[in-house]
Amino acid sequence: MASRPTKKRRISPPQSDDEGPSRKSNSKVQKAFLVNAANWDLEQAYETRARKGKKEKENTRLPTKLPGGRVQQYSAPTNDLEYLESDEDWLEGAEDVSADEEVEEKRPEKPEIPEHQQILEAKEELAKIALMLNESPEENAGAFKAIAKIGQSRIPAIQKLTLATQLAVYRDVIPGYRIRPAAEDASEEKLSKDVRSLRAYEQALVSGYQAYVKDLARYAKAGRLQAGGGKDQNISSIAIMCACTLLNAVPHFNFRGDIIKILVGKLSTRHVDDDFNKCLRALETFFDEDEEGRGAMEAVSLLSKMMKAKEYDVDESVVNLFLHLRLLSEFSGRASKDSVEHSNNGIGPNGKAKSKKEFRTKRARKQMKEQKALQKDMANADALVSHEERDRMTSETLKLVFATYFRILKMRVPHLMGAVLEGLSKYAHLINQDFFGDLLEALKDLIRHSDASEEEEDEEKEAEEDDETPIRNPSREALLCTTTAFALLAGQDAHNARGDLHLDLSFFTTHLYQALFPLSLNPDLELGARSLHLPDPNQPSSRAKNGNKVNLQTTTVLLIRCLTAVLLPSWNIRSVPPLRLAAFAKQLSTAALHMPEKSAQAVLALLADVSATHGRKIAALWNTEERKGDGAFNPLSVSVEASNPFAATVWEGEILRRHYCPRVREGVKIVEKSLSLAER
């Protein structure tokens, strides 16, 4: 066996002479401490020492006697900071709190999910919820909020998917009737279980749909306020597309006005893009298919307020929306900007239809009364709009349209004059005859204003302007005013009441006669109002504006329309005086020498129609041996009658026979042939 190792002792160094007295003093201190410790009363000191627990604060609140006779004590509010004895106690508590925070910080954080994974999960969840709602929407009324909650994500792709999913879901589940708001005392009514569940589902549907429409408005406004592109711009396009689809798919449902506001807000901008055209097409379809009339009135009211707030600085196509209203072909009354007259065909003085009384037995009268009551109940159930209510809404719509037109006429907005005058000519049969004279005066003032601004036209062309800013064309505005005036006269049937209205259109006739020579020398005679060059079909901007077919006529077309209304009026074609016919025939023959070939063909075709109708009245102009007038012909006369046209001959026909265009030469032959047939 191995022997155990020997234990080594530590040998302390020998004491020095300096450490001797210090050791003796330490031993004396220790003995004195032990002697004093024997006299300590440790239990008494522990008992009298303050505790660290909470002290009970003395209650100073008085008791309260309850109605039942019982006395209730109230305790004073506690404040934890008052129970801390010293700063050390407060620091001890702070250490505990900091320790807890350190523990929470040390907990493992939730791992971040990649964006593509979140999009995939959102797709699956949206598809699952949409399938549930399509199968049984009444049993899954809470799913509407679940879909909206998914759309609160910050990822733009998930937001777009949510908007598109909500659109598909609401298109499928929205009923064919408007849901009225729940009454305040609905909970007190005694309803069956099925009716109560149906009402709960309808309220959930309305609340979810309202939140969805608010989201669409918010996204559309955010994209409209953002100048450049980006994610907000893309989400704005999706929101506008959803709003347009909802307006055409479910126009009868709740919050229709909020959807129309989204579209009108987009139309308030002058920037025409795909979203702008979508809003235009949606409102056009809405106007064409609106049978009730209330929705059209709401849309027209919002459009008129928007244009007034923008001081009519809007695109021309917005004003042209009024031409798609159904009242243009269905309304039978007459209106102005302030009042409306209804036609009383077959209506008695008391507002009831005139009908011949028929004898009926008591039993037959009873059956008819029951049948009327049944029809009334069916009409209320189907929410049908009565004819009187529809006429009232149509009248309000017509007043809003006329008020907008007349404000634009008063302000003389250059780029909207064509649309306004075209609209007035379309609505001519609906304008009140009492307002007809004031409107003609406004058109005369506009022509005078266009003549005064003719001198400033060259300066405006030389000024540097944006491409989208329209250049004013005073001669075109004058032709539009003349066309509108004669269209109003024809639509009003005012020729039958000429003595009562005291209408005089000689101002328009004289202005047209004086404008023939300047128009024949206009190099842009065969171009439209859009631009001074042919549009490029491959350019996106030109393709976007091809749908607008208002105010697209060339100056030649407008001139021919004016001349036809003056020389060949449809309401009284035989009443045109011979002096007017001869003066215009002579002026048109001279103007045809300076016009382009297509315009010359149109003028000669008009002369052929005039010759066929009034050949005997103007045949003397083509006969050099027979003259009816004395003196000289004055083509620059102030009035038509003072030009003395029968003192001249149409010598321009001989030059037009040698025109370079074969169709112009054929047109001259047709005019002479019409004259020869009329003289027989």
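For the structure itself, consult the block above.
Rules of the game
Residues numbered from 1 in each chain as written. Predicted model: local features only at pLDDT ≥ 70, side-chain atom pairs only at ≥ 80, totals over all residues. Heavy atoms only, no water. Helix = DSSP H or I, 4+ residues; strand = E, 2+ residues; numbered from the N terminus. Expected span 1.5 Å × (residues − 1). Buried < 20%, exposed > 50% of the residue type's maximum accessible area, 1.4 Å probe, protein only. Axes fitted to C-alpha atoms, helices over the stretch in contact; angles between N-to-C directions. Parallel < 35°, antiparallel > 145°, perpendicular 65-115°, else oblique. Contact = heavy atoms within 4.5 Å. Nonpolar A, V, L, I, M, F, W, Y, C, P; charged D, E, K, R; others polar. Left-handed = near helix turned anticlockwise from the far one by under 90°. Phe/Tyr/Trp six-rings, centres within 6.5 Å; stacked < 30°, edge-to-face > 60°. Lys NZ or Arg CZ within 6 Å of the ring centre and 35° of its normal. Salt bridge = Lys/Arg side-chain N within 4 Å of Asp/Glu carboxyl O.

1. Quick notes on helix 6 (residues 156-173)
Okay, step 1: End to end, helix 6 covers 26 Å across 18 residues, agreeing with the expected 26 Å (1.5 Å per residue, within 8%).
Okay, step 2: Of all the residues in helix 6, the buried ones are Ile 158, Gln 159, Thr 162, Leu 163, Thr 165, Gln 166, Leu 167, Val 169, Tyr 170 and Val 173.

2. Regarding the packing of helix 4 (residues 115-135) against helix 6
Okay, step 1: Running from amino to carboxyl end, helix 4 crosses helix 6 at an angle of 10°, the nearest separation of the two axes being 10 Å. Compared by their axis directions, helix 4 and helix 6 come out roughly parallel. Residues Gln 118, Ile 119, Ala 122, Lys 123, Leu 126, Ala 130, Leu 133 and Asn 134 of helix 4 lie in contact with helix 6, whose contacting residues are Ala 157, Ile 158, Leu 161, Thr 162, Thr 165, Val 169, Asp 172 and Val 173.
Okay, step 2: Classifying every residue of the contact of helix 4 with helix 6 by side-chain character gives ten nonpolar, four polar and two charged.

3. Describing the packing of helix 4 against helix 5 (residues 143-150)
Okay, step 1: Interhelical geometry of helix 4 versus helix 5 gives an angle of 160° and a closest axis separation of 10 Å. When the axes of helix 4 and helix 5 are compared, the pair comes out roughly antiparallel. Note on packing geometry: the crossing formed by helix 4 with helix 5 is left-handed. Across the interface between the two elements, Ala 122, Glu 125, Leu 126, Ile 129 and Leu 133 of helix 4 pack against Ala 143, Phe 144, Ala 146, Ile 147 and Ile 150 of helix 5.
Okay, step 2: Of the residues belonging to the contact of helix 4 with helix 5, the class tally is nine nonpolar, no polar and one charged.

4. Quick look at the packing of aromatic side chains
Okay, step 1: Going through the model one piece at a time under the given rule, you end up with 13 aromatic pairs.
Okay, step 2: Each ring, one from Tyr 513 and one from Phe 584, has its centre 5.5 Å from the other, and the planes form 75°; the classification is edge-to-face. One end of the pair, Tyr 513, is in helix 21 (residues 506-514); the other, Phe 584, is in helix 25 (residues 578-592), with 71 residues separating them in the sequence.
Okay, step 3: Taken together, the ring pairs in this structure connect Phe 144, Tyr 170, Tyr 201, Tyr 209, Tyr 212, Phe 253 and Phe 255 into an aromatic cluster.
Okay, step 4: Its guanidinium or amino end placed over the ring of Tyr 219, Arg 218 lies 4.6 Å from that ring's centre, counting from NZ or CZ.
Okay, step 5: In this structure, Arg 448 is placed above the aromatic ring of Phe 507, and the distance from its NZ or CZ to the ring centre is 4.9 Å.

5. Some thoughts on the pattern of salt bridges
In a structure, side chains of opposite charge can pair up when their charged atoms sit close to one another.
Okay, step 1: Inspection of the entire model under this criterion finds twelve salt bridges.
Okay, step 2: One network of salt bridges, in which partners are shared, links Arg 256, Glu 292, Arg 294 and Glu 298.

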